[in-house]
Amino acid sequence: MSRIGKKPIEIPSGVEITIDGNTVTAKGPLGTETVTVRPEIAVKVEDNHIILSKVGTTRETDALYGLSRTLVANAVHGVKEGFEKKLEIQGVGYRANMEGKNLNLALGYSHPVIVEPPAGITITVEANTKISVKGSNKQTVGDVAAFIRSKRPPEVYKGKGIRYEGEYIRRKAGKAGKK
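This one's a predicted model, so the numbers in the text were calculated from it and none came from an experiment.

K.L.:
Would you mind going over the pairing of strand 8 (residues 95-99) with me for this structure?
P.N.:
Sheet faces and side chains relate simply in a regular strand, where the side chains alternate between the two faces. Pairing between strand 8 and strand 9 (residues 102-106): five bridges, direction antiparallel. Looking across to strand 9, one finds that Met-98 is bridged to Leu-103.

K.L.:
Just to check I follow, could you spell out the layout of surface pockets for this structure?
P.N.:
Left-over empty space is what a probe sized like a water molecule reveals as it rolls over the atoms. The volume enclosed by the largest pocket comes to roughly 210 Å³. Lining of the largest pocket is provided by Glu-33, Thr-34, Val-35, Leu-71, Asn-74, Ala-75, Phe-83, Ser-136, Asn-137, Lys-138 and Gln-139. Elements that contribute at least two residues to the lining of the largest pocket include exactly strand 4 (31-36), helix 2 (59-80) and helix 3 (138-150). Looking at the lining of the largest pocket residue by residue, the classes come out as four nonpolar, five polar and two charged.

K.L.:
Looking at this structure, how should I read helix 3?
P.N.:
Spacing of three or four residues puts side chains on the same side of an α-helix, whose turn is 3.6 residues. With 13 residues, helix 3 should reach 18 Å at 1.5 Å per residue; the first-to-last C-alpha distance of 18 Å fits that figure. Taken as a whole, helix 3 has its buried residues at Val-141, Gly-142, Val-144, Ala-145 and Ile-148. Across the axial projection of helix 3, the buried residues extend over an arc of 165°, all falling on one side. Those residues of helix 3 that are buried are in contact with strand 7 (83-90), strand 9, strand 10 (113-115), strand 11 (121-126), strand 12 (130-135) and strand 13 (161-164).

K.L.:
How do you make sense of the sheet that holds strand 6 (residues 49-54) when you look at a structure like this?
P.N.:
Within a beta sheet, neighbouring strands are joined by backbone hydrogen bonds and run either parallel or antiparallel to one another. Strand order in the open sheet made by the three strands is 1-6-5, with antiparallel pairing throughout. Edge positions in the sheet fall to strand 1 (9-10) and strand 5 (41-46), since each of these pairs with one other strand and no more. Contacts from helix 2 reach strand 1, strand 5 and strand 6 within the one sheet, and its direction differs from that of strand 6 by about 165°.

K.L.:
Help me out: how do you make sense of the packing of aromatic side chains in this one?
P.N.:
The geometry of an aromatic ring pair comes down to the distance between the two centres and the angle between the two planes. Under the defined criterion, the tally for this structure stands at zero aromatic pairs. Its guanidinium or amino end placed over the ring of Tyr-164, Lys-85 lies 5.3 Å from that ring's centre, counting from NZ or CZ. The ring centre of Tyr-109 lies 4.2 Å from the NZ or CZ of Arg-152, which sits over that ring.

K.L.:
Can you walk me through the pattern of salt bridges in this structure?
P.N.:
The full count for this structure, using the stated rule, is six salt bridges. The residue Glu-40 makes a salt bridge to Arg-38 at a minimum N-O spacing of 3.3 Å. Glu-40 gets classed as partly exposed once you look at its relative accessible area, which sits at 22%. Arg-38 sits in the partly exposed class, given a relative accessible area of 37%. Linked through salt bridges whose partners overlap, the residues forming this network are Arg-38, Glu-40 and Glu-60.

K.L.:
It is not clear to me how the environment of Glu-155 should be interpreted in this structure. Could you clarify?
P.N.:
Counting through the fold element by element, Glu-155 comes out in the loop between helix 3 and strand 13. For Glu-155, a relative accessible area of 28% corresponds to the partly exposed category. Distance from Glu-155 to Gln-90, taken between C-alpha atoms, is 10 Å for residues 65 residues apart in sequence. Sequence-distant contacts of Glu-155, defined by excluding residues within four places in its chain, comprise Lys-160 and Ile-169. Here the side chain of Glu-155 touches Lys-158 through a polar contact of 2.7 Å, landing on its backbone nitrogen.

Reading guide: rules and limits
- Residues numbered from 1 in each chain as written.
- Predicted model: local features only at pLDDT ≥ 70, side-chain atom pairs only at ≥ 80, totals over all residues.
- Heavy atoms only, no water.
- Pairing = 2+ DSSP bridges.
- Helix = DSSP H or I, 4+ residues; strand = E, 2+ residues; numbered from the N terminus.
- 1 Å grid on protein atoms, 1.4 Å probe; cavity = no way out; pocket = protein on both sides within 12 Å on 5 of 7 lines; lining within 4 Å.
- Points joined across faces, edges and corners; volume = space filled by probe spheres on them.
- Nonpolar A, V, L, I, M, F, W, Y, C, P; charged D, E, K, R; others polar.
- Expected span 1.5 Å × (residues − 1).
- Buried < 20%, exposed > 50% of the residue type's maximum accessible area, 1.4 Å probe, protein only.
- Arc of directions from axis to C-beta.
- Contact = heavy atoms within 4.5 Å.
- Axes fitted to C-alpha atoms, helices over the stretch in contact; angles between N-to-C directions.
- Phe/Tyr/Trp six-rings, centres within 6.5 Å; stacked < 30°, edge-to-face > 60°.
- Lys NZ or Arg CZ within 6 Å of the ring centre and 35° of its normal.
- Salt bridge = Lys/Arg side-chain N within 4 Å of Asp/Glu carboxyl O.
- Polar contact = N/O pair within 3.5 Å; in protein donor to acceptor, adjacent residues only side chain to side chain.

Okay, here's the thing in C-alpha cells:
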C-alpha cells in the first residue's frame, strides 16, 4: 500500500475543488488546473480534504495510487501558490532580456535566441543573468525551464551556459600540455 497515496490532501482557503467522474478540477487565485485520474482510483471530498482510494488490488493500481495523489496535490498547490524554476546564465557576453512577453537570449550564437512562453507561464529576467519561470502547472514550468536550458547547456571545461540555480557542474581538466 502506498504511503503517499494514503495521505489526505488539504484544500486551502481560496481553492475550489470540483469532481466530475474521474476529472478533478482545482480553481484558485492563479488559475484553473484539471487532472484526469485513472478509473482504478476513486476520488472524494470529505471535510475540506481530498481523499483518494484504490478500487482494485492489482500491481498497476498500486503503482498509480501514489502518482494520482501527487498529481492532484500539485494541481491544488499550483492554483494557490504556483511553481517557480530559476536559471542562471554564466559566460562572457551571455545575457537575457525581455522583449514584451518573449525572452531574448544572447548566447554566443550569430543570432539572438527568442523563447516564446506558452499560455499560463510568465518569464522574468533579473540583472541580465537570472531567469525566473513561473506558472501554476508544475510540469509546464519544468518543461519551459528545460527548454531554455537546452539552448546552451553548461559545458564541462569552463562551465559556461545556462544552468538551474544551485546546479553543480562537474568540471573536466583541460589539456595537460607539453612538459
